[in-house]
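Residue-level structural notes
Residue strings, one per chain:
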Amino acid sequence: MLILAFFLYPFKNKLSLEFITPSTLIILSLMLAGIFIFAILISYFNIKSKKNLIFHNISYYLFYHIIYPVIHKMVNSQSIFYQNYTQLLIKYNNIIQRKLLKKYKGKDILILLPHCLQNANCPYKITFNINNCRSCGKCTIQDFKSIQDEYNVVIKVATGGTLARKIINDIKPKLILAVACHRDLTEGIKDVEVIPVLGVLNDRPNGPCFNTTCDVTEIKKILNQLL
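Scope of this entry: the structure provided in the associated data block. Per chain, residues are indexed from 1 in the order of the written sequence. In keeping with the predicted nature of the model, local features appear solely for residues at pLDDT of at least 70, side-chain atom pairs appear and are counted solely at 80 or more, and the whole-chain, interface and lining totals rest on all residues. Heavy atoms throughout the structure, all of them, feed into the side-chain values; hydrogens and water do not.

Here's the deal with the overall build of the protein
Secondary structure counts use DSSP, requiring at least four H or I residues in a row for a helix and at least two E residues in a row for a strand, with both numbered from the N terminus. A tally of helices and strands in the protein yields 8 helices and 4 strands. Burial here depends on accessible area, computed with a 1.4 Å probe over protein chains only, as a share of the maximum for the residue type. Under 20% is buried, over 50% is exposed, and the range in between is partly exposed. Out of the 227 residues in the protein, the part that is buried amounts to 42%. Surface accessibility in these figures is a Shrake-Rupley result with a 1.4 Å probe; residues are shielded only by whichever protein chains are displayed. Working note: accessible area of the protein is about 13,400 Å², and carbon and sulfur atoms make up 60% of it.

What follows is the structure, given as structure tokens:
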């Protein structure tokens, strides 16, 4: 019903009350429920299947471009429900992408980091150049600096979605390994459709967007599988 209301709201001035009858709402709701169940079944098959995927683009579109916008507009992004749903989306994306991915060269992989990984009191800004990090050990940026040297991957730090899109357009990577919070990661996967994206959620011990951390071991594990 929420999805139905989301689609009908822009046309509220053009719809007559005669159209919005209980039977019409029931029929439309059943149709949407059927589509949603179909997407769930497709997703379940794709998760369980070792290699063969069916209609995974359809399930992507339904989850990211139809259901997610509704939840994003109607649910607080800090709520448990929102975070659980987006975490499921990110996990599903990673499972599907790993089945589709091949081996890459380090230079073809872009690791995109949020600026909140850097210690808030650090005077050396690494937004445009991660090599400005002095490796003081107060944040995980020094670990990513080591990853850049060890794996020969491209690592960039973005302060927001606009800069992230610019970085992607300039570098044109073949794969993106993105670290971000639930909302930014889901939005990024939704927006970047032509390049595969693997997402890793950051940890927020001090709250959102402030001195966050990341599981560097997970990043290395993913890179070892890709390279």
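Some thoughts on helix H3 (residues 56-74)
Every helix has an expected span of 1.5 Å times one less than the residues it contains. The end-to-end C-alpha distance of H3, which contains 19 residues, comes to 26 Å, matching closely the 27 Å that a straight helix rising 1.5 Å per residue would cover. A residue's bend is simply the angle between two axes: one fitted to the seven residues ending at it, one to the seven starting at it. A maximum bend of about 40° is found in H3 at Tyr 68, where proline Pro 69 lies one to four positions downstream. Residues His 56, Ser 59, Tyr 60, Leu 62, Phe 63, Tyr 64, Ile 66, Ile 67, Tyr 68, Pro 69, Val 70 and Ile 71 constitute the buried set of H3.

Quick word on the pattern of salt bridges
The salt bridge definition used is simple: a Lys or Arg side-chain nitrogen within 4 Å of an Asp or Glu carboxyl oxygen. Here the structure, examined in full by the defined rule, presents 6 salt bridges. Here Arg 183 makes a salt bridge to Asp 184, at a shortest N to O gap of 3.6 Å. Residue class for Arg 183 comes out partly exposed when judged on its relative accessible area of 38%.

Considerations on the side chain of Gln 148
Note on placement: Gln 148 falls in helix H5 (residues 141-151). Its relative accessible area of 15% is what places Gln 148 among the buried residues. Contacts of Gln 148, omitting those with residues within four sequence positions, involve Ile 130, Asn 131, Val 153 and Ile 155. Contacts between residues were defined by any pair of non-hydrogen atoms, one from each residue, lying within 4.5 Å.

Focus: the layout of surface pockets
Any residue with an atom within 4 Å of a point lines the site, the site being either a cavity, points on a 1 Å grid over the protein atoms alone where a 1.4 Å probe fits but cannot get out, or a pocket, an open set with protein on both sides within 12 Å along at least 5 of 7 lines. Grid points are joined across faces, edges and corners, and a volume is the space filled by probe spheres set on the points. Estimates place the volume of the largest pocket at around 530 Å³. Gly 160, Gly 161, Ala 164, Ala 180 and Asp 184 are the residues nearest the centre of the largest pocket, which is lined by 27 residues in total. Those elements giving two or more residues to the lining of the largest pocket turn out to be strand S1 (109-114), helix H6 (161-171), strand S3 (175-180) and helix H7 (182-191). Each residue is assigned to one of three groups, with Ala, Val, Leu, Ile, Met, Phe, Trp, Tyr, Cys and Pro labelled nonpolar, Asp, Glu, Lys and Arg labelled charged, and all others, Gly among them, labelled polar. Of the residues in the lining of the largest pocket, the class split is 17 nonpolar, 6 polar and 4 charged. The volume enclosed by the second largest pocket comes to roughly 310 Å³. If you go around the second largest pocket, you meet 16 residues; those closest to its centre are Asn 57, Tyr 60, Gln 97, Val 192 and Glu 193.

With respect to the pairing of S1
Counting buried residues along S1, 6 of its 6 residues qualify, which places the element largely inside the surrounding structure. Of the two faces of S1, both are covered, the one formed by Ile 109, Ile 111 and Leu 113 as well as the one formed by Leu 110, Leu 112 and Pro 114. We call two strands paired when DSSP finds no fewer than two bridges between them. Pairing of S1 with S3 involves 4 bridges; the strand directions are parallel. Across the sheet, the residue bridging to Ile 111 is Leu 177, located in S3. Pairing geometry for S1 and strand S2 (residues 154-158), over 5 bridges, is parallel. Across the sheet, the residue bridging to Leu 113 is Val 157, located in S2. Tracing the backbone out of S1, into H5 and back to the parallel element S2 gives a crossover that is right-handed. Whether a crossover is right-handed comes down to one check: with the strands pointing away from the viewer, does the path from the first strand over the helix to the second run clockwise; if it does, it is right-handed.

A closer look at the environment of Ile 171
Along the chain, Ile 171 falls in helix H6. The exposure class assigned to Ile 171 is partly exposed, which follows from its relative accessible area of 28%. In the structure, Ile 171 is positioned 64 residues away from Lys 107 in sequence and 9.9 Å away in space, judged by C-alpha atoms. Sequence-distant contacts of Ile 171, that is, excluding residues within four places in its chain, are made with Leu 110, Val 154 and Lys 156.

Quick word on the packing of aromatic side chains
In this scheme Phe, Tyr and Trp rings, the latter by its six-membered ring, pair at centre separations within 6.5 Å, and the angle between planes marks the pair as stacked below 30 degrees, edge-to-face above 60, and tilted otherwise. The final tally for this structure, using the stated rule, is 2 aromatic pairs. Between Phe 63 and Tyr 92, the aromatic rings sit 6.0 Å apart at their centres with planes inclined by 85°, giving edge-to-face as the arrangement. Of the two residues, Phe 63 is situated in helix H3 and Tyr 92 in helix H4 (residues 80-100); the sequence distance between them amounts to 29 residues. Classification of Phe 63 by relative accessible area gives buried; the value is 8%. Above the ring of Tyr 124, the side-chain terminus of Arg 134 is found at 4.1 Å from the ring centroid. Charge over a ring is defined by NZ of Lys or CZ of Arg lying within 6 Å of the ring centre and within 35 degrees of the ring normal.

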